[in-house]
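Okay, here's what each chain looks like letter by letter:
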Amino acid sequence: MEGKLVFAVNGKRFELAEVDPSSSLLEFLRTRTRFTGPKLGCGEVRLLRWLVILIRKDANFLIGLWAFLLALLSGCGACVVLLSTYDPVSGQVKDSSVSSCLTLLCSLHLCSVTTTEGLGNSRDGFHPIHQRFTGFHASQCGFCTPGMCMSLFSALTNADKTNRPEPPNGFSKITKLEAEKAIAGNLCRCTGYRPIADVCRSFAADVDLEDLGLNTFWKKGEDAIVSKLPGHNRGKIFTFPDFLKSVVKTSLDTLMNGKNTNFLDSQWYRPTSFEGLYQLLNSNAFIGSRTKLVVGNTGSGVYKENNLYDKYIDLKGIPELSVIKRDHTGISFGAAVTISRAIEVLKENVDSVPSAEKMVFDKIADHLDKVASPFVRNMASLGGNLIMAQKFQFASDVTTILLAAGSTVCVRTASDRRILSLEDFLEWPPLDEKTILVSILIPSISMVELSYGTDQHSVSSHRSKSNIIFETYRAAPRPLGNAVSYLNSAFLAHVFSDKITGNTVLLYLHLAFGAYGSEHAIRARKVENFLVGKVLEVSVLLEAIKLLKETIIPKQGTPHSSYRSSLAVAFLFKFLQPLSKDLAVPENNYHNNASGVAVITEHPNENFNRNSDLSHHEASNSELFNSSSVLLSSNQMIQYGKEYQPVGVPIEKVGAEIQTSVNTSNCIIVYLKDPFLPYIKQLMAISFALMPKPGEAIYVDDIPSPKDCLYGAFVYSTHPLACIKGIKFNPTLASEKIITYISVNDIPPGGKNVGSGTMFGTEPLFADSLTECAGQPLGLVVAETQRYANMAAKQANVQYSTENLEPPILSVEDAVRRSSFFDIPPFLYPQNVGNLSGGMAEAEHKILSAEVKLGSQYYFYMETQTSLAVPDEDNCIVVYSSTQCPETAQGLIAKCLGIPDHNVRVITRRVGGGFGGKAVRAIPVATACALAAYKLQRPVRMYLDRQTDMVITGGRHPMKINYSVGFKSDGKITALHVDLLINAGITKDVSPSIPYNVVGALRKYNWGALSFDIKVCRTNLPSKSAMRAPGEAQGSFISETVIEHVAAYLSMDANLVRNKNLHTYESIKMFYGSSAGENPEYTLPAIVDELISSTSYFDRLEMVRHFNFCNKWRKRGISWVPIVHQVTLRPTPGKVSILNDSSIVVEVGGVELGQGLWTKVKQITAFGLGQLFEGGSQKLLDRVRIIQADTLSMVQGGWTAGSTTSESSCEAVRLSCSILADRLKSLKQSLEEKTSSVSWETLISQANMQGVNLSASTYWVPDTDSMQYLNYGAAISEVEVDIATGSTTIIRSDLIYDCGQSLNPAVDMGQIEGAFVQGIGFFMYEEVVENSDGLVVSDGTWTYKIPTIDTIPKHFNVKLLSSRHHQKRVLSSKASGEPPLLLAVSVHCATREAIRATRTEFSTDDTKSSALAFQFDAPATMPVVKELCGLNNVEKYLETFITTRQPPEDA
Ligand SMILES: Cc1cc2nc3c(=O)[nH]c(=O)nc-3n(C[C@H](O)[C@H](O)[C@H](O)COP(=O)(O)OP(=O)(O)OC[C@H]3O[C@@H](n4cnc5c(N)ncnc54)[C@H](O)[C@@H]3O)c2cc1C
Ligand code: FES
Ligand code: FES
């Protein structure tokens, strides 16, 4: 066993002699075991490429951008597993969640790993976590679910180990807040988190089960009791197997004898002493080799490694690096101590620790709790963090807070050991490879005092009070962490107050600031020196702030630099304001508002209140997060009829359980009917791959690689417009892994350079001699593993030439100047409504040429683009693709290869999230794989790394809008003209159809007359494509912007203006024609009325006004918006077959993306055939299986897009069922004449014998007069904006959505909530940033922030309106996939209201006119909001205070 790596996965022993030391645990699990539950969702972030590009450009900009890139960290949590270690001395097992993508396999020696498959399975029973995920409808596409399950499992396991009182049966010892926070670092793009939060909370004894949302365990109105939930079986999972415990005990002897646990064959070394370490480093074998020292290796999640190392040295084996020592000098942490462990120790209650010290330690721990996410903190070492800050200018939180606390560090080389202050350590030149950080000391307060010669106790008397104050702050896009701050700070002060005069003097002061675009965290020494010893008068504060602004200057090129400087001011003010007797305010008054949210009433128009502000927390409104729960409440209201049962019943989602863990079905696919029978061997490999044996739901990348499989990765252009002169690969270890490079030259004769396309035209697969946008694929590196291919592709060195080329077009303004437009086919160009000049003439007021802009949005499906292509006989190819349109992929692959369509079989089982991005944009990946496989005659697969996916995939269309509007004094709008510039990128994709969608949503109000001029701009940027509610999201936003502007102009409440312009039935008919249907179908006015009254809108409006009157530094806004969204039904096929054993198999053209298509189809099948089934439709459900999309089995599958695929597929299946029912009915009757009851089995076997055709298919084509209809909904959102940081907290959102007669209310509820939260992302958080060449630089979870559990509404209520029966709609249902996304505009509008309140309060006579009306683009990120609120509000406030309140000098 010596020299071998021994560990366990789900109790199974693994013993490896040879391991690639750079392999991650995730890679091992996914490629070498059957445990593919952990998924790869990000596992990335790559700055090295950036350095190369930017160093060439501008070194200063580089530094700034680096700081920016590092300023927003994240991770996704899809890969989370439980890592357990065993201490043979104490007999304790330590369990922690970790991200398996960052954990190096070799570091797992003697560890045990539990994946979601280890929690439960169909043989032994599912785990209650799996069951609750299913029952609470908390899994849609399912890609995030295994990671979510493991994060929760880890939290439950650790809570249950505490010595807290025993909880009631069925519950864990976890608290509600802990349970929710357990998944704070896990991303989900589908659900909107609410149901996931419910799953987590369902384990907490302090939860009121009545508060949990829609589930299958109890119906509304029934008793919500824990016994109805799958019981929490504490301790049932053994995370550390006995065999491994024995191995650990044996190995302990080896370690005691001082032996290193090296896996020499793997080039992995784990020295057990510093001597051993330096022996290694100084040995010949190491000289000149690429060696990496690691502890947790989470740094590789920050600085992506695009090259390989020769050797690794794991520092964790050196005992001194893990020592924690507490004495009178403070707490000393060995550098390898994890952040999680440090938090535990800092929070320990030690009696001997003075209260001031305890307070400091607690606050440090609280701040550390915001660093990254639990599964990163469990691996990340304090030392690693400090080293990253010291060597690589990492925007660390840890450094800033430890700097303020006065910490020291111990570093050593082979011969020297020194102790120095953290400040000096940071100032040192970057450490060399042989200098090791040994420990960090957080000093006790008495040690700090000693260094200043002060003693807090000695100065307290009856006249005076001496106090230690310590606060930390961070402004980050996510309140609970999982995002690094724009700026962080921490302040330590010894304060001396004279009780009689009320004056406060600072005896000493540490002001530390970091992450704002500096080389490292700094102490603001000048400000400290200025303040110490002075009485904290307002003028002193103002002077200090001026000095601070001269100190906190982000490096050139740092985005939002003035914003960052203003944060420093705001935080210092927050800290000092309560100490200034003129500004200090009494304790808060807490009361509850109508939202049920604690409101802190400050003194009217006073100042920051220390206790009410963020004293420790980051940007968000901390009191909202100090409550016992992240999600304070939610309510889902559904109604459903029994007419079409089981259609309409909120049954569990098909496949939900296998998405959480393992399959229940034992389904094996064997292509016996395959047309390529002789080649069954190759296909059998795939058949087994698709066999959900104990594993999990099978996504494309879960299919085990067939024999001889190769892997591809795109090389893409970083230049927007250039001739390609050549491509070379840097001579690195990674480049050596290249097997071949596939380019346009490899397209076979007869084939075409076609990568994707739509009805508007095709686009090239690879740039030929000219690249036309940064992000355009140039070719494909093929290697033996995906990681090698990815790394090697990044080694490409492309020679570009721009000689004789025009400059690229990188903006819509450029496109207009150069008349670079795509044609819009006349049938798609929307029609004007009414007469614009007439409408304008009618107007009493006009706003002319106002502007607003909308950014792009990236799909952020959790599963990136992926395909596997397997060559087959006779020029055929089978492609497994994660796509929303297999049929189109089939045609384009055939065209590229120059073969007929019937030679190409595209199979799609399930897609890990699509949102439009797996339609056109998925096809180049499928085509590239097919081309490489065809050329090499070997299977080739690709799974794009997140960065490549984000760079090449495009996303939502950015737009620039200019509008002119005429209106009357009462707010009635009479005419609107919109000039719209749509940035389409380089190819047409679906862009010519976007104007139609924008105008479709724009018509939601009665504008009187509506006209527009729309240009679809061709730019040298990656093609934009359809993203959930493409165009409609922007159209709805534009409408609300106009309404708000009119309201501001008239100084009216925007909500009155909305009401005034809401359609009547007559006007909606005029704007939408026949799509509007009949009068009773127009449910919007009723929805709005209900929403306004049921949410006490007017009372809350008053509360908001009162709140704003009472609070200077926080403002609230409330707003409602209506939506109208037109959808189109498309022809769709469906096929239902009954097999010999009477089970039923169904095929539809649509693809399961997580939207619940299969669930609804299953329900409709049971409904359609239920009349023949004894016991009724409900029972037939278990016999129905929906199978994957396969282009050679079901033709004309079309696209899964536009929200209507589910209902169209249902209708096709319903018609197929009718055909079968017609065929079987008479047989059933004749059998019933002979015997009273005829079982389903008998009926089918008799039908078989009598030669009844038991398969029926239909191609359903909707009637032209009813293929379009309108969806209605409305939402009210209330937000609170923190003026100091610009962060917006969504206090409450209420949605009502007309779902017709919902086919499955649970599925529709999930779609509505998920779409709404995705919309929040678009309007508030997600910012696609490009560099000056148009290359996307917000290209990972670090720089692109989708909503997380802590950014959804704290009160989230949704009602499904079950509107009337409708003959022409599919069982009277309506679509739910896209329209609800538009409702999220309400959050943006409410934020605008809050900004207005701020601007009004801080306005002067000069600025009054712009206080109400201002351009408010989307997304409304923190810097945008703060800039609109005013970057200098603190200074203005202090200046005003001085001029208006200071007593005259002679007084
Ligand atoms: C998703 C994610 C989010 C994050 N969010 C935050 C955040 O919000 N705030 C924040 O402050 N940090 C954040 N971090 C950074 C995180 O804290 C660091 O990655 C971590 O602390 C590094 O520790 P490690 O043990 O993993 O170091 P490793 O990755 O093992 O090492 C990092 C570097 O330090 C060197 N090194 C490690 N230990 C020593 C030593 N003792 N002596 C000399 N060299 C050493 C290594 O050689 C390597 O160069 C985040 C990280 C990730 C991955
Ligand atoms: S895949 Fe590991 S954190 Fe995203
Ligand atoms: S269900 Fe969470 S990402 Fe799809």
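Definitions and limits used
Residues numbered from 1 in each chain as written. Chains lettered and ligands numbered in written order. Predicted model: local features only at pLDDT ≥ 70, side-chain atom pairs only at ≥ 80, totals over all residues. Heavy atoms only, no water. Helix = DSSP H or I, 4+ residues; strand = E, 2+ residues; numbered from the N terminus. Buried < 20%, exposed > 50% of the residue type's maximum accessible area, 1.4 Å probe, protein only. Contact = heavy atoms within 4.5 Å. Areas by Shrake-Rupley, 256 points an atom, 1.4 Å probe, with all protein chains shown as cover. Pairing = 2+ DSSP bridges. Axes fitted to C-alpha atoms, helices over the stretch in contact; angles between N-to-C directions. Core = buried A, V, L, I, M, F, W, Y, C linked by side-chain atoms within 4.5 Å. UniProt positions renumbered as here; feature names shortened; annotations may be inferred. Salt bridge = Lys/Arg side-chain N within 4 Å of Asp/Glu carboxyl O. Parallel < 35°, antiparallel > 145°, perpendicular 65-115°, else oblique. Left-handed = near helix turned anticlockwise from the far one by under 90°. Nonpolar A, V, L, I, M, F, W, Y, C, P; charged D, E, K, R; others polar. pLDDT = per-residue confidence, 0-100. Phe/Tyr/Trp six-rings, centres within 6.5 Å; stacked < 30°, edge-to-face > 60°. Lys NZ or Arg CZ within 6 Å of the ring centre and 35° of its normal. Expected span 1.5 Å × (residues − 1). Right-handed = clockwise from strand over helix to strand, strands pointing away.

1. Some details on the overall build of the protein
So, point 1. Secondary structure assignment for the protein yields 45 helices and 46 strands.
So, point 2. Sorting the 1451 residues of the protein into buried and exposed places 67% on the buried side.
So, point 3. A separation threshold of at least 6 residues defines the contact pool for the protein, and within that pool the share at least 24 residues apart is 78%.
So, point 4. Of the roughly 48200 Å² of accessible surface on the protein, 52% is carried by carbon and sulfur atoms.

2. Thoughts on the sheet that holds strand β3 (residues 80–87)
So, point 1. Spatially, β2-β1-β5-β3-β4 is the arrangement adopted by the five strands of the open sheet, whose pairing is mixed. Of all the strands in the sheet, just β2 (12–16) and β4 (92–99) have a single pairing partner and so form its edges. On average, each strand axis in the sheet is tilted by 25 degrees relative to the strand beside it, whichever way the strands run.
So, point 2. On top of the sheet, helix α1 (residues 25–32) reaches β1 (5–9), β2, β3 and β5 (112–114); it is set at about 110 degrees to β2, its chief contact.

3. Points about the sheet that holds strand β8 (residues 311–314)
So, point 1. Strand order in the open sheet formed by three strands is β6-β8-β7, and the pairing between neighbours is parallel. Each edge of the open sheet carries a strand with a single partner, namely β6 (268–269) and β7 (291–294).
So, point 2. With four bridges joining them, β7 and β8 adopt parallel strand pairing. Each residue of the ladder has a partner; that of Val294, found in β8, is Asp314.

4. Observations concerning the nonpolar core
So, point 1. Among the nonpolar cores identified, the biggest contains 284 residues, and Ile364, Leu368, Phe425, Phe513, Leu531, Trp1007 and Leu1438 are the most heavily contacted of them.
So, point 2. For this core, the element with the highest residue contribution is helix α41 (residues 1305–1325), accounting for 11 residues.
So, point 3. Look past the residues within four positions of Leu368 in its chain and what remains in contact with it is Ile339, Ala342, Ile343, Leu346, Arg377, Val398 and Ile401.
So, point 4. If you look at the next biggest cluster of nonpolar residues, it comprises 47 residues, including Val649, Val1136, Ala1221 and Leu1231.

5. Points about the UniProt feature "binding site: Mo-molybdopterin" (unreviewed entry) in the protein
So, point 1. Summarizing the sequence annotation, UniProt attributes the feature "binding site: Mo-molybdopterin" (unreviewed entry) to Gln884, Phe915, Arg1028 and Gly1202 in the numbering used throughout. Annotated residues spanning 319 residues; largest pairwise C-alpha distance 12.5 Å, indicating a single compact cluster.
So, point 2. Within the fold, Phe915 resides in the loop between β33 (904–908) and α29 (923–936).
So, point 3. Following the sequence through the fold, Gly1202 ends up in the loop between β42 (1189–1190) and α39 (1205–1234).
So, point 4. Residue Gly1202 is classed as partly exposed on the basis of its relative accessible area of 29%.
So, point 5. Sequence-distant contacts of Gly1202, that is, excluding residues within four places in its chain, are made with Val1127, Arg1130 and Glu1378.

6. Description of the environment of Val925
So, point 1. Note on placement: Val925 falls in helix α29.
So, point 2. Residue classification places Val925 among the buried positions, given a relative accessible area of 2%.
So, point 3. Separated by 16 residues in the primary sequence, Val925 and Arg941 have C-alpha atoms spaced 9.1 Å apart.
So, point 4. Ignoring anything within four residues of it in the chain, the contact list for Val925 reads Phe714, Gln865, Thr866, Ser867, Met942 and Leu944.

7. A look at the pattern of salt bridges
So, point 1. Scanning the entire structure with this criterion turns up 74 salt bridges.
So, point 2. Linking Lys960 and Glu813 is a salt bridge whose minimum nitrogen-to-oxygen distance equals 2.8 Å. A residue pair is termed long-range when its members are at least 10 positions apart, and Lys960 in strand β35 (residues 959–967) and Glu813 in helix α26 (residues 812–817) qualify at 147 residues.
So, point 3. Relative accessible area serves as the criterion here: at 17%, Lys960 is assigned to the buried category.
So, point 4. It is possible to trace a salt-bridge network through shared partners that takes in Lys1004, Glu1040, Glu1044, Arg1058, Arg1392, Glu1393 and Arg1396.

8. Details of the packing of helix α32 (residues 1032–1050) against helix α33 (residues 1054–1061)
So, point 1. Running from amino to carboxyl end, α32 crosses α33 at an angle of 120 degrees, the nearest separation of the two axes being 8 Å. Classed by the angle they form, the pair α32 and α33 counts as oblique. For α32 against α33, the interelement crossing comes out right-handed. Here Glu1040, Ile1043, Glu1044, Val1046 and Ala1047 of α32 lie close against α33, whose contacting residues are Ala1054, Val1057, Arg1058 and Asn1061.
So, point 2. Grouping the constituent residues of the contact of α32 with α33 by class yields five nonpolar, one polar and three charged.

9. Describing the confidence of the model for the protein
So, point 1. Here the protein averages 88 in pLDDT, while 89% of its residues score no lower than 70.
So, point 2. In the predicted structure, residues 587–623 sits below a pLDDT of 50 and forms 152 contacts with residues beyond four places in sequence or in another chain.
So, point 3. Within the model, the stretch residues 662–695 combines pLDDT values under 50 with 77 contacts to residues more than four positions away or in other chains.

10. What about unusual backbone geometry?
So, point 1. Omega for the peptide link from Ala1418 to Pro1419 comes to 5 degrees, which places this bond in the cis form.
So, point 2. By the element assignment, Pro1419 lies in the loop between α43 (1408–1412) and α44 (1422–1429).
So, point 3. Of note, the phi angle at Asn875 is positive, near 65 degrees, even though the residue is not glycine.
So, point 4. Along the chain, Asn875 falls in the loop between β31 (866–872) and β32 (876–881).

11. Thoughts on the packing of aromatic side chains
To describe a pair of aromatic rings, you give the distance between the ring centres and the angle between the ring planes.
So, point 1. With the rule as written, the count across this model stands at 39 aromatic pairs.
So, point 2. On the numbers, 5.5 Å between centres and 65 degrees between planes, the contact of Phe136 with Phe217 is edge-to-face. Within this pair, whereas Phe136 is found in the loop between α5 (128–135) and α6 (145–160), its partner Phe217 is found in the loop between α8 (194–201) and α9 (242–256), the two being separated by 81 residues in sequence. Each member of the pair, Phe136 together with Phe217, is buried.
So, point 3. When the ring of Tyr1005 is compared with that of Trp1007, the centres are 5.5 Å apart and the planes differ by 70 degrees; the resulting orientation is edge-to-face. As far as the burial class goes, Tyr1005 and Trp1007 line up, both buried.
So, point 4. Through successive ring pairs, a cluster of aromatic residues spans Tyr473, Phe491, Phe513, Phe571 and Phe575.
So, point 5. Sitting over the ring of Phe203, Arg132 keeps its end group 3.8 Å from the ring centre.

12. Some details on the packing of helix α37 (residues 1157–1170) against α39
So, point 1. Their axes nearest at 9 Å, the elements α37 and α39 cross at an angle of 25 degrees. Comparing the axis directions of α37 and α39 gives the class roughly parallel. Crossing geometry of α37 relative to α39 is assigned as right-handed. Judged by residue contacts, Leu1157, Lys1160, Val1161, Ile1164, Thr1165, Phe1167, Gly1168 and Leu1169 of α37 engage Thr1205, Ser1206, Ser1209, Cys1210, Val1213, Arg1214, Cys1217, Leu1220 and Ala1221 from α39.
So, point 2. The residue inventory of the contact of α37 with α39, partitioned by class, reads 10 nonpolar, five polar and two charged.

13. What to know about helix α21 (residues 561–576)
Helical geometry note: an α-helix holds 3.6 residues per turn, so side chains three or four residues apart project in the same direction.
So, point 1. Relative to the 22 Å expected for 16 residues at 1.5 Å per residue, α21 spans 23 Å between its end C-alpha atoms, a close match to the ideal helical length.
So, point 2. When you tally the buried positions in α21, you get 14 out of 16 residues, the bulk of the element.

14. A closer look at the pairing of strand β36 (residues 973–985)
So, point 1. For β36, the tally of buried residues reaches 12 of 13 residues, placing the bulk of the element in the interior.
So, point 2. As paired strands, β35 and β36 are joined by nine bridges and run antiparallel to one another. Across the sheet, the residue bridging to Asn962 is Asp979, located in β36.
So, point 3. In this structure, the hairpin formed by β35 and β36 is closed by a connection of five residues, where Gly971 is found at a positive phi of approximately 95 degrees.
So, point 4. Pairing of β36 with strand β37 (residues 1009–1018) involves 10 bridges; the strand directions are parallel. Across the sheet, residue His977 finds its bridge partner in β37, namely Ser1011.
So, point 5. With helix α31 (residues 994–1002) bridging β36 and its parallel neighbour β37, the resulting β-α-β unit is right-handed.

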